[in-house]
Amino acid sequence: MLKSRGLRCNQKVSLCEDSQGSPNSDAFAGELVFYSVGSLYDNFSYLWEFEYENANGHQDAHTERFHLKYSFAEAFKLSLGQFHTPIGYWNRTFHHGSILYDTAERPFFLDFDDNSADTSFVMPVHYIGAMVDGVIETNDAQWKYQFTLGNGSEINTGEDPQGGRPEIEPGSRINSDNLSLSYHMSWHPDEQPYHLGFFLMRNEVQESGSLTGNAITQYQDKLTDQDIYGFEASYQRGNIDLIAEHFWFRHDNQTTNTGAYNASAFYVQLGYQLTAPLKAIYRYSQLDFEAGDLYFETLSSEEQYHNVFTLKYDLNEFNSVKVEADQQSFFYGTQGDIYTFRVQWSFMWNNPLDMIAD
């Protein structure tokens, strides 16, 4: 018996005006996400997440996650397929569909890497390969872990067909010169309102373009050796909740031989439940990196920080309306602050249909 466990859909309306007073408004349908999970045989299950996106002037439809899992025990499960990289709290917890989280948008540097019209993503949030994960129970806590091995990332540094910035894609081939390794561990003490975690990732980034397509190096040449590590924390008691993550990057540029570059990104998000359906959220997020870092230069990234204020009203368990103000400020350059105002309705259907397979 295979059962579809949910259908998620966003509707978004955005108005944007920069500090110079130049208006730029947009309205778009957002994303339609199909999510299915089920049991195939004893201890053998699957997950499939498919997204249709209509935003920022382009349309796209693709599988975001698909994997098969075999559970040997609660402490040891093996999965094969395409995943969200288990680095940090947000990318493991909040998948596609903004009904899953309090704000209208993800922290800007954790934007999904398959949106070429967006100008903020910097994380390799998808990978193809294998995952071992589990939960280890002790006398006074739970320890949750994930270990992954898979393809490294690929970037086409040439012209982008969408007219935007290059995308970070999970590698299409696995070999000893293009590997991704990651490890995540989190500690959840019993009867306590918080958790702590740490993570690390070793990722090799290759060129997926060609010199004839204006790429900066040859197809499958290594661009960057990437190390990402950091910590996470969450807290919830009464009407208050808090999420925080900090990421450190180390990039060793392979095409320029100019040595290693360091960078960091973090956010802190505070929520307060004003009434049963109404919640107020504030988030500060920041990205900074050293000049000359090929990885960030290729992605046309800018050092910046955001102040985000959100009011979320839950119409019911499966419908919410969010009103959000986002101040985007840049550390360098002459560009003024950008103020973005969003109104978003997101909703979800649960178990809309059963798919039966013999």
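Everything discussed here concerns the structure shown above.
No experiment lies behind these values; they were computed from the predicted model shown.

1. Digging into the overall build of the protein chain
Next up, step 1: Helix and strand counts for the protein chain stand at two helices and 21 strands.
Next up, step 2: Sorting the 358 residues of the protein chain into buried and exposed places 49% on the buried side.
Next up, step 3: Within the protein chain, residue pairs in contact and separated by at least 24 positions form 57% of the contacts whose partners lie at least 6 positions apart.
Next up, step 4: On the protein chain, roughly 16,900 Å² of surface is accessible, and the fraction owed to carbon and sulfur atoms is 55%.

2. Examining empty space enclosed by the protein
Next up, step 1: Applying the stated criterion across every chain yields a total of one cavity of 30 Å³ or more.
Next up, step 2: The volume enclosed by the largest cavity comes to roughly 30 Å³.
Next up, step 3: Considering the residues around the largest cavity, the lining is formed by Ile-155, Thr-157, Val-205, Leu-223, Thr-224, Leu-294, Tyr-295 and Thr-298.
Next up, step 4: Secondary-structure elements contributing two or more residues to the lining of the largest cavity are β14 (222-237) and α2 (294-298).
Next up, step 5: Here the lining of the largest cavity gets three residues from one element, more than from any other, and that element is α2.

3. As for the pairing of strand β8 (residues 126-137)
Next up, step 1: Where strand β7 (residues 76-84) and β8 come together, eight bridges link them in antiparallel fashion. From the neighbouring strand, Leu-78 faces β8, where its bridge partner is Val-132.
Next up, step 2: Bridge count for β8 against strand β9 (residues 141-151) is nine bridges, and the pairing is antiparallel. Pairing of Asp-133 across the sheet is with Gln-146, part of β9.
Next up, step 3: Count of turn residues in the β8/β9 antiparallel hairpin: three residues.

Conventions used here
- Residues numbered from 1 in each chain as written.
- Predicted model: local features only at pLDDT ≥ 70, side-chain atom pairs only at ≥ 80, totals over all residues.
- Heavy atoms only, no water.
- Helix = DSSP H or I, 4+ residues; strand = E, 2+ residues; numbered from the N terminus.
- Buried < 20%, exposed > 50% of the residue type's maximum accessible area, 1.4 Å probe, protein only.
- Contact = heavy atoms within 4.5 Å.
- Areas by Shrake-Rupley, 256 points an atom, 1.4 Å probe, with all protein chains shown as cover.
- 1 Å grid on protein atoms, 1.4 Å probe; cavity = no way out; pocket = protein on both sides within 12 Å on 5 of 7 lines; lining within 4 Å.
- Points joined across faces, edges and corners; volume = space filled by probe spheres on them.
- Pairing = 2+ DSSP bridges.

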